[in-house]
Amino acid sequence: MVRVRFAPSPTGFLHIGGARTALFNYLYARHNNGVFILRIEDTDRTRSTEEYIEAIIEGMKWLGLEWDEGPFRQTDRFDIYRSYADMLVKEGKAYYCYCSPEELEARRKEAIAQGKSPKYDGRCRNIEGRGTRDERQEKSVAVRFKMPQEGQTVVDDLIKGKIVFENNQLDDLIIMRSDGTPTYNFTVVVDDVDIKITHVIRGDDHLNNTPKQIHIYKALGYDIPLFAHLPMILGSDKTRLSKRHGATSVMAYKDMGYLPDALVNYLVRLGWSYGDQEIFSREELIKYFSFENVGKAAAIFNPEKLLWLNSQYIINAPAEKLAELVIPFLVKENIISEGQDLNKEWLSKAIKTLKERSKTLIELANSLRYYIAEEIEYDEKAKAKFLNEKSRDLLIELNDRLTSVTDFSTQELEKIFKEIIEKHNIKLGSLAQPVRVAMTGGTESPGIFEVLEIVGKEKVLKRLEKAIKTIANTF
RNA sequence: GUCCCCAUCGUCUAGCCUGGCUUAGGACAUUGCCCUUUCAAGGCAGUAACACGGGUUCAAAUCCCGUUGGGGACGCCA
């Protein structure tokens, strides 16, 4: 049975990199009918907050990465870590370290200055008559794990292949801080053992931690899980993705009008591929996912491709669904007021004309503005170019014709337009563009007949009259 | 500094494991054309890559070594 986990630390929002790690874990679990577990690594009490825990959960839910067990929290398990640490000390596999953080920092700096490896020198490793537990508490000492100092440790990574580490590179890491709290490399192992993790799937920034953790597994007497280290996501300047490169928080993409499935699709293709296919349903992702197709090289986050994917997802989404999703954006963009009622059927129809012109839900909302608004504001350039003496009579004529129309449909409207342009021997554009400006305020919109039908007779006539008046006032 | 990882168009990638089928394929972006009432969407076409150097081989993007470049780790952070 495959059991995997996503184990973020709540020191920030769910970000793009974390989301991808979570996604790969999720896909691997689902592909193998396994279990996906969420664990919150909050042992750093000074930086972890409840708000971030909530934010991470919110992000996971938005992306549709449902977990089967958890969220477990490490702060609930401090007693367990302590007893494991005590056991290791008793067995001589770990020891108390009396060095103060300041001393260690000073030594580390000196080692770097001398061009040496900033590794712990092991000076507390063999102190005779180590302190008792009481003495330890009094003196606030830390617990260090005894790493083997010779031989090699081999990590057989599912993505990177065989990696050999020289054990003399490993240093005796602290597993319990002097304040009695456990540290990361220790808690991961204890927890992964306790919740029976079979595959550790994480970013390759953890690759160097792996040999250390392997030795902790061994010291504890447990089987070592399989590892899969995912390549990093970098920014456009090839450095680690950060705020400097733009939005990195998953929920920021929700606010920018992205669809969660589009983000998921983008993220999965960053490092993973399935032939030439670009767009995948969730079912396909689960069916096709495998580490065999995960690349080894870091990938650069490319917002433009994400935007394209989002536009594709909007095009393919049912208008009814988009109608639901766009409402918060209509409110946020001040197009409707909070709680204002919109006819869902009408809204869906309007959205159908706008889907292939909107790359985000924000764009969609803003395009809906001219369908919904009571008053149209003209773009100055558009007004100057199309609302003038040349178009005045045409608009008047159209206005007259439309007043008597009862079947306000695209077919009927097209017929009327045709008659007018044939009569005056002009191109459709000469009539359509002025009407477009009258209806939308600008020169870009869906087909003019669709626009008229959706705006509806009453508003169409009002807008035509306003346009005619505007021309009269200007000329 | 030490250790680890990585290297195909600007970007994401296919091909690499199991050398010849490759004048290196697809996608985003970009340029042009078509469609067209505008804007999109769509269609067609174009520009564009095997980091470098050695080997192995009849044959290397594919295997090996080195160089260079990039990334990551070296914490009483995770």
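Within every chain, residues take consecutive numbers counted from 1 along the sequence as written. Working convention: letters from A go to chains and numbers from 1 go to ligands, in the order in which they are written. A pLDDT threshold of at least 70 governs which residues receive local features in this predicted model, and a stricter bar of 80 or more applies before side-chain atom pairs are shown or counted, although totals over entire chains, interfaces and linings include all residues. In computing side-chain properties, one takes all heavy atoms of the structure into account and sets aside hydrogens as well as water.

J.: Mind laying out the overall build of chain A, listing which residues take part and the relevant values?
T.: A run of H or I in DSSP becomes a helix once it reaches four residues, and a run of E becomes a strand once it reaches two; helices and strands are each numbered from the N terminus. Secondary structure summary: chain A contains 20 helices and 12 strands in total. Scaling as 2.2 N^0.38, a compact globule of 475 residues should have a C-alpha radius of gyration of about 23 Å, whereas chain A reaches 32 Å, well beyond that. Burial statistics for chain A: of 475 residues in total, 51% are counted as buried. For chain A, the exposed area adds up to about 23,500 Å²; of that, 49% sits on carbon and sulfur atoms. Each charge class in chain A was averaged separately, 69 positive and 72 negative side chains, and the resulting centres sit 3 Å apart. Atoms considered for the radius of gyration are the C-alpha atoms alone. The globule rule reads 2.2 Å times the number of residues to the power 0.38. For every residue, the accessible area (1.4 Å probe, protein chains only) is compared with the maximum for its type, and the residue is labelled buried under 20%, exposed over 50%, or partly exposed between those bounds. Shrake-Rupley sampling with a 1.4 Å probe provides the accessible areas, and residues are treated as covered by the protein chains on show and by no other component. In this charge count, Lys and Arg are treated as positive and Asp and Glu as negative; neither His nor the chain ends contribute. A single reference atom marks each charge: NZ on Lys, CZ on Arg, CG on Asp, CD on Glu.

J.: Run through the protein's contact with RNA strand B, naming residues and quoting values.
T.: Whether a residue is near a molecule or strand depends on its heavy atoms: if one lies within 4 Å, it is near. Not every one of the 63 residues close to RNA strand B is listed here, only the nearest: Arg177, Gly271, Glu356, Arg357 and Ser445. Among the atoms of RNA strand B lying within 4 Å of the protein, the sugar-phosphate backbone contributes 69%. By the criterion applied in these results, polar contacts are pairs of N or O atoms within 3.5 Å in which, for protein atoms, one can donate a hydrogen and the other can accept it, and in which residues neighboring in sequence qualify only through two side-chain atoms. Here cysteine 99 contributes a backbone N or O atom positioned 2.7 Å from a base nitrogen of RNA strand B. Between RNA strand B and arginine 269, the relevant distance is 2.9 Å, taken from a sugar or linking oxygen to a main-chain nitrogen or oxygen of the residue. Listed by contribution, the elements that provide at least two residues to the surface near RNA strand B are α4 (101-113), β7 (161-166), α6 (184-194), β12 (299-300), α11 (303-316), α18 (428-440) and α19 (448-455). In terms of residue count, α18 provides more of the surface near RNA strand B than any other element does, five residues in total. Across the surface near RNA strand B, the residue classes break down as 20 nonpolar, 22 polar and 21 charged. Ten residue types, Ala, Val, Leu, Ile, Met, Phe, Trp, Tyr, Cys and Pro, are classed as nonpolar, four, Asp, Glu, Lys and Arg, as charged, and the remainder, Gly among them, as polar.

J.: A description of the layout of surface pockets should follow, citing residues and the corresponding values.
T.: Considered as a void within the structure, the largest pocket measures approximately 1,300 Å³ in volume. A pocket, in this scheme, is an open set of points on a 1 Å grid over the protein atoms alone with protein on both sides within 12 Å along at least 5 of 7 lines, while a cavity is a set where a 1.4 Å probe fits but cannot get out; residues line either one if an atom lies within 4 Å of a point. For the largest pocket, the lining is made up of 42 residues, of which Ser9, His15, Asp205, His206 and Arg240 are closest to its centre. Elements with a contribution of two residues or more to the lining of the largest pocket: β1 (3-6), α1 (16-31), α6 and β9 (199-203). The biggest single contributor to the lining of the largest pocket is α1, with six residues. Class assignment for the residues of the lining of the largest pocket results in 15 nonpolar, 17 polar and 10 charged. Grid points are joined across faces, edges and corners, and a volume is the space filled by probe spheres set on the points. Approximately 570 Å³ is the volume attributed to the second largest pocket. Together, 30 residues line the second largest pocket, and Leu104, Arg108, Tyr120, Arg144 and Ile174 are the ones closest to its centre. Elements that contribute at least two residues to the lining of the second largest pocket include exactly α4 and β5 (142-145). Tallied by class, residues from the lining of the second largest pocket come to 11 nonpolar, six polar and 13 charged.

J.: How would you explain the sheet that holds β5 if you had to name every residue and give the values?
T.: A pair of strands is considered paired only if DSSP assigns at least 2 bridges between the two. Read from one edge to the other, the open sheet built from three strands follows the order β4-β5-β8, with strand pairing classed as antiparallel. Single-partner strands in this sheet number two, and they are β4 (94-97) and β8 (174-176). Geometrically, the sheet is characterised by an average inter-axis angle of 45° between neighbouring strands, direction not taken into account. Relative to β8, β5 runs antiparallel, the two being bridged by two bridges. Considered in β8, the bridge of valine 143 is made with methionine 176. Inter-axis angles, ranging from 0 to 180 degrees, are taken between N-to-C directions of lines fitted to C-alpha atoms, where helices are fitted over the stretch in contact.

J.: Help me get a handle on the domain arrangement of chain A, residues and values and all.
T.: Domain start and end points were adopted from an automatic or database domain assignment. By the assigned domains, chain A splits into domain 1 (1-71 + 231-312), domain 2 (79-176), domain 3 (317-372) and domain 4 (380-474). Between the C-alpha centres of domain 3 and domain 4 the distance comes to 23 Å. On the domain 4 side, the residues contacting the nine residues of domain 3 number 13 residues. Carbon and sulfur atoms supply 57% of the area that domain 3 and domain 4 bury against each other, a total of about 880 Å² over both sides. Definition used for salt bridges: Asp or Glu carboxyl oxygen within 4 Å of a side-chain nitrogen of Lys or Arg. Taken together, domain 3 and domain 4 are joined by one salt bridge. Measuring nitrogen to oxygen at the nearest pair gives 2.7 Å for the salt bridge that ties glutamate 453 to lysine 349. At the level of secondary structure, the elements contributing two or more residues to the side of domain 3 that touches domain 4 comprise α13 (344-354) and α14 (361-372). Among the elements that make up the side of domain 3 that touches domain 4, the one with the highest residue count is α13 (five residues). Note on contacts: a residue pair qualifies if any of its non-hydrogen atoms lie within 4.5 Å across the two residues. Take the accessible area each of two parts loses on contact, using a 1.4 Å probe, and add the two losses: that sum is the buried area.

J.: I'd like a description of the sheet that holds strand β2 (residues 35-40), backed by residues and values.
T.: Read from one edge of the open sheet, three strands run β1-β2-β3, paired in parallel fashion. Of all the strands in the sheet, the pair left with one neighbour each is β1 and β3 (69-73). On average, each strand axis in the sheet is tilted by 25° relative to the strand beside it, whichever way the strands run. Pairing of β1 with β2, which is carried by four bridges, proceeds in the parallel orientation. Within β2, the residue paired with phenylalanine 6 across the bridge is leucine 38. Its contacts with the sheet put helix α2 (residues 50-63) on β1, β2 and β3, and the angle it makes with β2 is roughly 160°.

J.: Got a sec to walk through the nonpolar core? Specific residues and values, please.
T.: As used in this record, nonpolar core signifies buried Ala, Val, Leu, Ile, Met, Phe, Trp, Tyr and Cys residues forming a set joined through side-chain atoms within 4.5 Å. Core analysis: the biggest nonpolar cluster contains 111 residues, and Met60, Leu368 and Leu402 have the highest contact counts within it. With nine residues, α1 is the single largest residue contributor to this core. Discounting chain neighbours no more than four positions away, the residues touching leucine 368 are Val326, Leu330, Leu347, Ala350, Ile351 and Leu354. Ranked by size, the runner-up nonpolar core spans 35 residues in total, among them Phe145, Ile195, Ile197 and Val200.

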